[in-house]
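Remarks on the overall topology
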Amino acid sequence: MSLLAGIVLGANLIPSRMLDQAGLFEFDSSGTWTGSFDPEILWDELVVSWNCSLSPGATLQVKVCPQGSTKWYSLGTWANERARRTSTKNQVDELAKVDTDTLILKQPSQKLVARLELSGAGNVEFLTLSFRNKSAPVINVIGDKSVWGKVLEAPMRAQMSYPDGKVICSATATSMALGYWSKVLNREVVDQDVPLVCEGVFDKGWDGTGNWAFNTAYAGTIPGMRAYVARLWSIEQLERWIARDIPVVCSVSYDLLRGKGEKGKSDGHLVVLVGFTPEGDPVFNDPGKNVVRMTYKRADFRSAWQSSGNTCYLIYPQFYASPENRERCWLD
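None of these values were measured; they are calculated from a predicted model. (Residues numbered from 1 in each chain as written. Predicted model: local features only at pLDDT ≥ 70, side-chain atom pairs only at ≥ 80, totals over all residues. Heavy atoms only, no water.)

With that settled, consider the pairing of strand E5 (residues 43-54). Judged by how many residues are buried, E5 sits mostly within the fold: eleven of twelve residues are covered. Of the pairings in the sheet, the one linking E5 to strand E11 (residues 122-132) comprises ten bridges and is antiparallel in character. Note that in E11 the partner of Glu 45 across the bridge is Arg 132. (Buried < 20%, exposed > 50% of the residue type's maximum accessible area, 1.4 Å probe, protein only. Helix = DSSP H or I, 4+ residues; strand = E, 2+ residues; numbered from the N terminus. Pairing = 2+ DSSP bridges.)

Structure representation (structure tokens):
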């Protein structure tokens, strides 16, 4: 059973849940780690994240095998070098498919085995697995009005100001999140300008910078930072992060966010939630706008965010305490 603001749900109705494994291994040479996971919910989508430190030339490949299958699906080969970093195309069979960074099952499952294959020297700090049940009902609850009227001051960066501007919203959003923490922590090294993030997250297999797991893996390479992909339940949960002074990068349908009423083809977009108006509408740093700071209607954001399965990047210092996690959607 799980609880959100007084709502009690059975395992087959829970929208998402995160499991993690910390301190996996530290090797002077190649090695493999395998672990079993049971989120205790039915799920049909999975996004995996990791933070690691790799030596030059080393690679980390992340694979998963869901219950009922004998096949290993690759969810990414991570490396510091652009030429070695890639997702794997054409992974589809009668049981599942991989959409760049997301495993999508054709029938719900429960348990899963994950494998990390390290080639070269390095260490893995943690692995997260965010399980989603697409069939679970949408949860809308009363917001936390204590954060309405609060806006965090993250740097404003417009993607069109940089090379390949039309396709770098994710890297630009990640850059803004890191820039925020650079100012808060007074650590210049945390601030990564957009071209540097683009280089650090580029997915050769997808031919772009929008791989969710690669964006958080890159942010997690910054000393002292933690970053991972989460699938949440509701805007109410996001309000807990703003209450902790932590901006959140959100994956949305850009057409729905702008109130067009219908999701467009290939309209995925990343924005940085920095707060709320006194009326409860979300305030963003939107890299797709030259003015960057934008306010959108709460109802439009709810629909736009739900189109991605309520996906977000949670990027914050390792020593920061995360908000209350009674639904088990993020790291404690």
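Membership of the largest hydrophobic core comes to 104 residues, with the highest contact counts inside it found for Leu 46, Trp 50, Leu 103 and Leu 127. At eight residues, helix H1 (residues 169-185) tops the list of elements feeding residues into this core. Excluding residues within four positions of it along the chain, Leu 46 makes contact with Val 64, Leu 75, Asp 101, Thr 102, Leu 103, Leu 112, Leu 129, Ser 130 and Phe 131. (Core = buried A, V, L, I, M, F, W, Y, C linked by side-chain atoms within 4.5 Å. Contact = heavy atoms within 4.5 Å.)

Quick look at the packing of aromatic side chains now. This model, assessed by the stated rule, comprises 14 aromatic pairs. Ring geometry for Trp 33 and Phe 37: centres 6.3 Å apart, planes at 55°, overall tilted. Phe 37 matches Trp 33 in its accessibility class, with the two residues each being buried. An aromatic cluster is defined as three or more aromatic residues linked by ring pairs; in this entry it consists of Phe 126, Tyr 228, Trp 241, Tyr 316 and Trp 330. Arg 82 extends its terminal NZ or CZ atom over the ring of Phe 202, reaching a point 3.7 Å from the ring centre. If you follow Arg 258 out to its NZ or CZ, it ends over the ring of Tyr 254, 3.8 Å from the centre. (Phe/Tyr/Trp six-rings, centres within 6.5 Å; stacked < 30°, edge-to-face > 60°. Lys NZ or Arg CZ within 6 Å of the ring centre and 35° of its normal.)

One can describe the packing of helix H4 (residues 235-243) onto helix H6 (residues 298-306) by two numbers: an axis separation of 11 Å at closest approach and a directional angle of 105°. In terms of orientation, H4 lies roughly perpendicular with respect to H6. Here Ile 235, Leu 238 and Glu 239 of H4 come into contact with H6, specifically with Arg 298, Phe 301, Arg 302 and Trp 305. Partitioned by chemical class, the residues of the contact of H4 with H6 number four nonpolar, no polar and three charged. (Axes fitted to C-alpha atoms, helices over the stretch in contact; angles between N-to-C directions. Parallel < 35°, antiparallel > 145°, perpendicular 65-115°, else oblique. Nonpolar A, V, L, I, M, F, W, Y, C, P; charged D, E, K, R; others polar.)

Before going further, it helps to examine the sheet that holds strand E10 (residues 112-119). What links the strands of a sheet is backbone hydrogen bonding, and the strands pair in either a parallel or an antiparallel sense. With respect to topology, four strands assemble into an open sheet ordered E4-E10-E6-E7, the strand pairing being antiparallel. The sheet is open, and its two edges are formed by strand E4 (31-37) and strand E7 (73-78), each paired on a single side. Between one strand axis and the next, the sheet turns through 15° on average, direction left out of account. Note that E4 and E10 share seven bridges and pair antiparallel. Along E10, the bridge assignment pairs Gly 31 with Leu 118.

With that settled, consider the sheet that holds strand E8 (residues 96-99). Overall, antiparallel pairing links the five strands, which are arranged E3-E11-E5-E9-E8 in an open sheet. Here the strands that pair on one side only, and so sit at the sheet edges, are strand E3 (16-27) and E8. For this sheet the average axis-to-axis angle between neighbouring strands, irrespective of direction, equals 20°. The sheet contact formed by E3 and E11 spans ten bridges and is antiparallel. By the bridge assignment for E11, Phe 25 is matched with Val 124. Running over the sheet, helix H3 (residues 212-219) touches E5 and strand E9 (102-109) and is turned about 30° from E5.

With respect to the secondary-structure elements, Gly 280 resides in the loop between strand E14 (268-276) and strand E15 (282-285). Note: C-alpha distance between Gly 280 and Ser 146 (134 residues apart in sequence) is 9.8 Å. Residues within four places of Gly 280 in sequence aside, it is in contact with Trp 148 and Arg 298.

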